[in-house]
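Here are the chains, one letter per residue:
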Amino acid sequence: MEEEEKGSFGGGFVLGFVLGIIGMIICIAINKPKTIKGAVWGFVIWILVLIIFWLPPMCAAFGGY
């Protein structure tokens, strides 16, 4: 039987999404596989949200359109 992975995906996701790279560092220090996986997903979503909501206004402000 496989050993159950330790950690919380949801907790890692929240840390990665809310704290960004700092949250990922915290999760790596905790060293639980599910938590680290959640933090990576949260950080990736954080980056995508940043690009989606930050890039269009910057392009408009600096003449990209």
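The text that follows walks through the structure, step by step, so that each part is easy to find.

Cut-off values and rules
- Residues numbered from 1 in each chain as written.
- Predicted model: local features only at pLDDT ≥ 70, side-chain atom pairs only at ≥ 80, totals over all residues.
- Heavy atoms only, no water.
- Helix = DSSP H or I, 4+ residues; strand = E, 2+ residues; numbered from the N terminus.
- Rg over C-alpha atoms; globule rule 2.2 N^0.38 Å.
- Buried < 20%, exposed > 50% of the residue type's maximum accessible area, 1.4 Å probe, protein only.
- Contact = heavy atoms within 4.5 Å.
- Areas by Shrake-Rupley, 256 points an atom, 1.4 Å probe, with all protein chains shown as cover.
- Lys, Arg positive; Asp, Glu negative; His and termini not counted.
- Charge placed at Lys NZ, Arg CZ, Asp CG, Glu CD.
- Axes fitted to C-alpha atoms, helices over the stretch in contact; angles between N-to-C directions.
- Left-handed = near helix turned anticlockwise from the far one by under 90°.
- Nonpolar A, V, L, I, M, F, W, Y, C, P; charged D, E, K, R; others polar.
- Phe/Tyr/Trp six-rings, centres within 6.5 Å; stacked < 30°, edge-to-face > 60°.

Focus on the overall build of the protein chain
Regarding its fold elements, the protein chain presents three helices and zero strands. For 65 residues, the compact-globule estimate of 2.2 N^0.38 gives 11 Å, and the protein chain exceeds it by more than 25% at 16 Å. In terms of overall dimensions, the protein chain has C-alpha extents of about 60 × 20 × 10 Å along its principal axes. Every one of the 65 residues in the protein chain was classed for burial, and the buried ones make up 17%. For the protein chain, the proportion of contacts with a sequence separation of at least 24, taken over those separated by at least 6, is 63%. Element-wise, carbon and sulfur atoms account for 74% of the exposed surface of the protein chain, whose accessible area totals about 5,000 Å². Averaging the positions of the 4 positive and the 4 negative side-chain charges in the protein chain gives two centres separated by 7 Å.

Looking at the packing of helix α1 (residues 9-19) against helix α3 (residues 33-61)
Each pair of packed helices can be described by the angle between their axes along with the distance between the axes. Orientation of α1 relative to α3, taken along the N-to-C sense of each, is 35 degrees, at an axis distance of 6 Å. For α1 against α3, the interelement crossing comes out right-handed. Touching Phe9, Gly12, Phe13, Gly16 and Phe17 of α1 are Lys34, Thr35, Lys37, Gly38, Ala39, Trp41, Gly42, Phe43, Ile45, Trp46 and Val49, all from α3. When the residues that make up the contact of α1 with α3 are grouped by side-chain class, the tally is nine nonpolar, five polar and two charged.

Observations regarding the packing of aromatic side chains
All told, the structure shown has two aromatic pairs when counted by the stated rule. Ring geometry for phenylalanine 13 versus phenylalanine 17: centroids 6.1 Å apart, planes at 5 degrees, classification stacked. One end of the pair, phenylalanine 13, and the other, phenylalanine 17, are both in helix α1, four residues apart, so they sit about a helical turn from each other. The class of phenylalanine 17 is partly exposed, set by a relative accessible area of 31%. On the basis of an interplanar angle of 20 degrees and a centroid distance of 5.6 Å, the ring pair of phenylalanine 43 and tryptophan 46 is categorised as stacked. A residue pair is termed a helical-turn pair when its members lie 3 or 4 positions apart in one helix, as phenylalanine 43 and tryptophan 46 do in helix α3 at three residues.

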